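Spelled out, the chains give:
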Amino acid sequence: MEPTRRQLEEALRYLRVPDRGREEVLEMARAGFAELGGCAHPRKVWKRFPLTVGERGIALGDGSVECVSRDLSRLFKNCRSCVVMAVTLGPEVDRRTQLLGRGSMSRALCLDACASVRADSLCDEIEDEVGETLREGEYLTRRFSPGYGDVPMQFSGDLLRLVDAERRIGLTMTRQGMMIPIKSVTALIGISSVPERRRRGCDDCSFAACQYRREGGFCHDERI
């Protein structure tokens, strides 16, 4: 599938490409998406759960899965349920990236960036699917992934277990907190009782060490 202009721009953002020399890297990104088409095996899973929101965090399902997070507490303040999602591009993308790295680090980095964009697009597809199931008076919040803000990456392990990701899409997590396959994403998206502001910004995030914030940018480029 030919990448959209937005997907190409997103890949350049992951690569942190300056304005000068963009056209050359843009062609590398096109080649990266073409290569990705031959090795990616996208899979996704999602499920809706009851949600309990407190001042300092949230609890999912029967309350046995909890996360201490003021970011999630603020984001889901108008929610009584949320969707847990998990996506993966499969192990072949990881193998191909490692193989490319032995001969051309630039091609490996480009494939890695394109894979990140493709994984995000799978999450977008899930958002569309969830949107089709909403009842009157229900609205989506922004999507939020472990590893951002004050939500630890290890919380992904709980989310994977909730949606039975290992059995359903072959996605697991190591004791060190790394997802296998690597090019995978977990995320939550709230089902709110009021229309939500869904554009992302630094005001919604408490991650003080963010490299984009230090440089005056955003982890999500709203100009695209």
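On a predicted model such as this, the values are computed, not experimentally measured, just so you know.

Peer 1: Explain the pairing of strand E8 (residues 184–192) here, please?
Peer 2: Consecutive side chains of a regular strand alternate in pointing toward one face of the sheet and then the other. Within E8, nine of the nine residues are buried, which leaves the element mostly enclosed by the surrounding structure. As paired strands, strand E5 (residues 139–144) and E8 are joined by four bridges and run antiparallel to one another. By the bridge assignment for E8, Tyr139 is matched with Ser192.

Peer 1: Mind showing me how you'd approach a nonpolar patch on the surface here?
Peer 2: Taken together, the side chains of Met178, Ile180 and Ile182 make up a nonpolar region of the molecular surface, amounting to roughly 250 Å² of accessible area. By the secondary structure assignment, Ile180 is in strand E7 (residues 179–180). Taking the relative accessible area as the measure of exposure, Ile180 reaches 35% and is therefore partly exposed.

Peer 1: Is there a simple way to explain the nonpolar core in this structure?
Peer 2: Nonpolar side chains in soluble globular proteins tend to be buried together. Formed by 33 residues in total, the largest nonpolar core has its most connected members in Phe33, Leu36, Val87, Leu89 and Val93. Within the residue set of this core, elements represented by two or more residues are helix H1 (5–15), helix H2 (22–39), strand E4 (79–88), helix H4 (91–103), helix H5 (105–133) and E8. The greatest single-element share of this core, amounting to eleven residues, is contributed by H5. Contacts of Leu36, omitting those with residues within four sequence positions, involve Leu89, Val93, Leu111, Cys114, Ala115 and Arg118. Of all hydrophobic cores here, the second largest spans 25 residues; its members include Phe49, Cys82, Val84 and Leu160.

Peer 1: Help me out: how do you make sense of unusual backbone geometry in this one?
Peer 2: Residues apart from glycine generally show negative phi values, whereas peptide bonds are mostly found in trans. Omega for the peptide link from Ile180 to Pro181 comes to -5 degrees, which places this bond in the cis form. As for its position among the elements, Pro181 is in the loop between E7 and E8. Even without being a glycine, Arg16 presents a positive backbone phi close to 55 degrees. As for its placement among the helices and strands, Arg16 is situated in the loop between H1 and H2. Phi at Asp164 is positive, roughly 55 degrees, even though this residue is not glycine. Take Asp164: it is sitting in the loop between helix H6 (155–162) and helix H7 (165–169). The exposure class of Asp164 is partly exposed, given its relative accessible area of 30%.

Peer 1: Looking at this structure, how should I read the sheet that holds E4?
Peer 2: Consider a sheet: its strands pair through backbone hydrogen bonds, and that pairing is either parallel or antiparallel. In spatial order, the strands read E3-E2-E1-E4-E8-E5; together these six strands make up an open sheet with antiparallel pairing. Sheet topology places strand E3 (65–68) and E5 at the edges, where each strand pairs with a single neighbour. Along the sheet, successive strands turn relative to each other by an average axial angle of 30 degrees, direction set aside. Bridge count for strand E1 (residues 43–53) against strand E2 (residues 57–60) is three bridges, and the pairing is antiparallel. Its bridge partner lying in E2, Leu51 is registered against Leu60. Along the sheet face, H6 touches E1, E2, E3, E4 and E8 and points at about 75 degrees away from the line of E8.

Peer 1: It is not clear to me how the side chain of Asp71 should be interpreted in this structure. Could you clarify?
Peer 2: Mapped onto the secondary structure, Asp71 falls in helix H3 (residues 70–75). The class for Asp71 is buried, based on a relative accessible area of 2%. Reaching out from Asp71, the side chain makes a polar contact with the backbone nitrogen of Asp150 at a distance of 2.9 Å.

Calculation criteria
- Every chain's residues receive numbers from 1 upward, in the order its sequence appears when written.
- Totals for whole chains, interfaces and linings use every residue, but because this is a predicted model, local features are given only for residues with pLDDT of at least 70 and side-chain atom pairs only at 80 or more, for both listing and counting.
- Side-chain descriptors were evaluated using all non-hydrogen atoms of the structure, hydrogens and water having been removed beforehand.
- We call a residue buried when its accessible area falls under 20% of the maximum for its residue type, exposed when it is over 50%, and partly exposed in between, using a 1.4 Å probe and counting protein chains only.
- In DSSP terms, a helix is any run of H or I states spanning at least four residues, a strand is any run of E spanning at least two, and both are numbered starting from the N terminus.
- Strands are labelled as partners when DSSP assigns at least two bridges between them.
- Think of a patch as exposed residues, more than 30% relative accessible area, with no salt bridge, where like charges cluster within 9 Å and nonpolar side chains (Val, Leu, Ile, Met, Phe, Trp, Tyr) cluster within 5 Å.
- Each accessible area is a Shrake-Rupley estimate made with a 1.4 Å probe; only the visible protein chains count as cover when residues are assessed.
- Salt bridges are defined by distance alone: a side-chain nitrogen of Lys or Arg within 4 Å of a carboxyl oxygen of Asp or Glu.
- To define a nonpolar core, start from buried Ala, Val, Leu, Ile, Met, Phe, Trp, Tyr and Cys residues and group those joined through side-chain atoms within 4.5 Å.
- In this description, contact between two residues means that some pair of their heavy atoms is separated by no more than 4.5 Å.
- The angle between two axes is taken between their N-to-C directions and runs from 0 to 180 degrees, where each axis is a line fitted to C-alpha atoms and a helix contributes only its stretch in contact.
- Pairs of N or O atoms within 3.5 Å make up the polar contacts considered here, provided that, within protein, one atom can donate a hydrogen while the other can accept it, and that residues adjacent in sequence are counted only when both atoms are side-chain atoms.

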